[in-house]
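# Close look at the chain arrangement
What follows is each chain in one-letter form.
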Amino acid sequence: DAGVIQSPRHEVTEMGQEVTLRCKPISGHNSLFWYRQTMMRGLELLIYFNNNVPIDDSGMPEDRFSAKMPNASFSTLKIQPSEPRDSAVYFCASSLQGLNQPQHFGDGTRLSIL
Amino acid sequence: QKEVEQNSGPLSVPEGAIASLNCTYSDRGSQSFFWYRQYSGKSPELIMFIYSNGDKEDGRFTAQLNKASQYVSLLIRDSQPSDSATYLCAVKTSGGYQKVTFGTGTKLQVIP
């Protein structure tokens, strides 16, 4: 069975550019999570969707970050404008339903902002 | 106090030994507990989850939960060099504002 699919795997871009990260959750999973991981801060939850509706976006750093889930099989995380401090690995994860179920992670997008 | 605390390690154990990884949490009402393994440069991979007090075994792995003392442990029996990785503890809190918080992880090194 296909796991969580993220694209791109790597992204290098210049400061000020728009960055769009994409995620396809596991089929049948109703919850989707976006995380950011850095050495300094570890794994941080950015936003969590349940049945395509954002439930908790308290981890979104600032207005430069936005996330959408237009349907059950696709989500995007957008950074505009990007800054060097946004450099990190961004993971998407999905679970069957909510926070009590285990989350399954995609391979991540390694983002470098120059 | 951090919501989820883990010793960063590294924890070094010889091959074949039992590795014991510990995690403490601050929210007494926490309900669900997860252990993930993360190899360097890879994504977190679910190893086990536990909801009730006591032990849960899966192959060489045993999760132990003690809600009264607010800790959850992961034991790895017959440790192998391939078990060398960072182990992340995640806890789902209770109450009106529910979330899953990850610890910063414990790095395990299994020495051949």
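Analysis parameters
Residues numbered from 1 in each chain as written. Chains lettered and ligands numbered in written order. Predicted model: local features only at pLDDT ≥ 70, side-chain atom pairs only at ≥ 80, totals over all residues. Heavy atoms only, no water. Helix = DSSP H or I, 4+ residues; strand = E, 2+ residues; numbered from the N terminus. Rg over C-alpha atoms; globule rule 2.2 N^0.38 Å. Buried < 20%, exposed > 50% of the residue type's maximum accessible area, 1.4 Å probe, protein only. Contact = heavy atoms within 4.5 Å. Areas by Shrake-Rupley, 256 points an atom, 1.4 Å probe, with all protein chains shown as cover. Lys, Arg positive; Asp, Glu negative; His and termini not counted. Charge placed at Lys NZ, Arg CZ, Asp CG, Glu CD. Disulfide = S-S within 2.5 Å. Pairing = 2+ DSSP bridges.

## Details of the overall build of chain A
- A count of helices and strands for chain A gives zero helices and eleven strands.
- Ordered by position from N to C terminus, the α and β elements of chain A give β-β-β-β-β-β-β-β-β-β-β.
- Taken against the 2.2 N^0.38 rule, which gives 13 Å for 114 residues, the C-alpha radius of gyration of chain A at 13 Å falls within 12% of a compact globule.
- Buried positions account for 49% of the 114 residues belonging to chain A.
- Partitioning the contacts of chain A with sequence separation of at least 6, the portion at a separation of at least 24 is 55%.
- In the structure as shown, chain A presents an accessible area of about 5,700 Å², 49% of it carried by carbon and sulfur atoms.
- Of the charged side chains in chain A, 10 are positive and 12 negative; the average position of the first set lies 3 Å away from that of the second.

## Remarks on the state of the cysteines
Residue and element names in this part refer to chain A.
- The final tally for this structure, using the stated rule, is two disulfides over all chains.
- Residue Cys-23 pairs covalently with Cys-92 via a disulfide, S to S 1.9 Å. Its torsion about the S-S bond being -70°, the disulfide of Cys-23 and Cys-92 is classed as left-handed. You can see Cys-23 sitting in strand β3 (residues 19-24) and its partner Cys-92 sitting in strand β9 (residues 88-95), a full 69 residues away along the chain.

## Considering the sheet that holds strand β3 (residues 19-25) of chain B
- One open sheet accounts for five strands, arranged β1-β3-β8-β7-β6 (chain B); its pairing is antiparallel. Only two strands of the sheet have a single neighbouring strand rather than two, namely β1 (4-5) and β6 (54-58) of chain B.

## What to know about unusual backbone geometry
- For the bond running from A:Ser7 to A:Pro8, omega is -10°, close enough to zero to count as cis.
- Within the element layout of this structure, A:Pro8 appears in the loop between β1 (5-7) and β2 (10-13).
- Between A:Gln80 and the following residue, A:Pro81, the backbone shows a cis peptide bond with an omega angle of -5°.
- Note on placement: A:Pro81 falls in the loop between β8 (74-79) and β9.
- At B:Gln70, a residue that is not glycine, the phi angle is positive and equals roughly 60°.

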